[in-house]
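The primary structure of each chain is shown beneath.
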Amino acid sequence: MSPPAIIAPSILSADFAELGRACSHTIGQGADWLHVDIMDGHFVPNMTFGAPVVTKIRSHVNPPTEAYGKGTFDCHMMIAEPKRWVQDFKKAGCDLYCFHYEAAVNSTAAVTPSGTSDEKTSPKELIRYIHESGMQAGIAIKPSTSVDVLWEILENPVKEEVPDMVLIMTVEPGFGGQSFMASELPKVTALRKKYPELHIEVDGGLSEKTIDQAADAGANVIVAGSAVFGAADPGEVILKLREAVNARRGKL
Ligand SMILES: O=C(CO)[C@H](O)[C@H](O)COP(=O)(O)O
Ligand SMILES: [Fe+2]
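Source: prediction; values computed, not measured.

A closer look at the UniProt feature "binding site: substrate" (unreviewed entry) in the protein
Feature annotation in UniProt assigns "binding site: substrate" (unreviewed entry) to the following positions: Ser10, His76, Gly174, Phe175, Gly176, Gly177, Gly205, Gly225 and Ser226. Sequence-distant contacts of Gly174, that is, excluding residues within four places in its chain, are made with Met39, Val44, Asn46 and Met78. Within the element layout of this structure, Phe175 appears in the loop between β6 (165-169) and α7 (185-194). Sequence-distant contacts of Phe175, defined by excluding residues within four places in its chain, comprise Leu12, Met39, Pro45 and Asn46.

A look at the coordination of the iron ion (ligand 2)
Those donors, His35 (NE2), Asp37 (OD), His76 (ND1) and Asp203 (OD), are the protein atoms that reach the iron ion (ligand 2), and they lie 2.1 to 2.2 Å from it. Note that the iron ion (ligand 2) binds six donor atoms; their angles at the metal cover 71 to 176 degrees, and the shape is octahedral. Every donor residue of the iron ion (ligand 2) comes from the same chain, spaced as H-x1-D-x38-H-x126-D. A relative accessible area of 0% means that His35 is categorised as buried.

Considerations on the pairing of strand β1 (residues 6-9)
Burial along β1 is two-sided: the residues Ile6 and Ala8 and Ile7 and Pro9 are all buried. Bridge count for β1 against strand β8 (residues 221-224) is four bridges, and the pairing is parallel. Following the sheet pairing, Ile7 is matched in β8 by Ile222.

Quick look at the confidence of the model for the protein
Summary statistics for the protein give a mean pLDDT of 95 and a share of 95% for residues scoring 70 or more. Both confidence scores are given for the complex: pTM 0.96, ipTM 0.98.

Focus: the nonpolar core
Of all hydrophobic cores here, the largest spans 66 residues; its most connected members are Ile11, Phe89, Tyr97, Leu191 and Ile222. Residue contributions to this core peak at five residues, all from helix α10 (residues 234-246). Residue contacts for Ile11: discarding those within four places in its chain leaves Phe16, Leu19, Cys23, Leu34, His35, Val36, Phe49, Ile57 and Phe229. The next biggest cluster of nonpolar side chains, apart from the first, holds 12 residues, and it includes Ile6, Met165, Met169 and Val221.

Focus on α7
Among all positions in α7, only Leu185, Lys187, Val188, Leu191 and Arg192 are buried. One face of α7 carries all of its buried residues, which in axial projection span an arc of 150 degrees. In α7, the exposed residues that point more than 90 degrees away from the buried face are Pro186 and Lys193. Among the structural elements, β5 (136-141), α6 (149-154), β6, β7 (199-203) and α8 (211-217) are those in contact with the buried residues of α7.

Scoring rules and cut-offs
Residues numbered from 1 in each chain as written. Chains lettered and ligands numbered in written order. Predicted model: local features only at pLDDT ≥ 70, side-chain atom pairs only at ≥ 80, totals over all residues. Heavy atoms only, no water. UniProt positions renumbered as here; feature names shortened; annotations may be inferred. Contact = heavy atoms within 4.5 Å. Helix = DSSP H or I, 4+ residues; strand = E, 2+ residues; numbered from the N terminus. Donors = N, O, S within 2.8 Å, 3.2 Å for Na, K, Ca; no water. Tetrahedral: all angles 85-135°; square planar, octahedral: opposite > 155°, others 65-115°. Buried < 20%, exposed > 50% of the residue type's maximum accessible area, 1.4 Å probe, protein only. Pairing = 2+ DSSP bridges. pLDDT = per-residue confidence, 0-100. Core = buried A, V, L, I, M, F, W, Y, C linked by side-chain atoms within 4.5 Å. Arc of directions from axis to C-beta.

Next up, the structure:
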């Protein structure tokens, strides 16, 4: 049976001037995790915030008491240099560090303002490094990336180098409020067929209108930004998303 539903509101759609309170409020309304979108203006054409802000919001939300527990900070790293920020985000209170496959394989060792550079790292080395730093590791793919790049990574017999979660983007990364791309769901179906117990996250355009398709495909970690933060009753939306996923467990 696939793992139970995990609802992870994307705080990209929260009021940034009230971020700490918005985060604790959302957890109080029934969210399991918080999905924290980190954008650097290079990997994606938009910027959000970095580790100092994550440190601040962590002080408003109790850390999880177990792996994947309530209050998990699921940091979606839409950044060109994923290895460089691992230690900073661990210190800031990130629990699950989810990097993009495309960034890891294309990391260009760019010179940074501090003069350091990101080493070119294979996805499996980066996963090991994230685990050694004490976080869960996730790997994300954009719509233009084939799911086939993931098989070798998931089939690795070395446990420390295998991701705890795969994130299938159902929009082009960079902005909230975009339309759901159902064309990405065959990736989820293929992953669920081979890995019944894997955490499979979908991100982008999820709402009460699109959740049934994502749940049928086998996604269990549901990111929803505008659908939750734009709702009159966010708690009700969280509940409906969770029920839709859990109703399909065991039928997949
Ligand atoms: O990673 C993201 C964008 O790159 C966001 O997590 C995602 O778009 C969530 O927002 P919404 O639910 O409004 O689509
Ligand atoms: Fe995201």
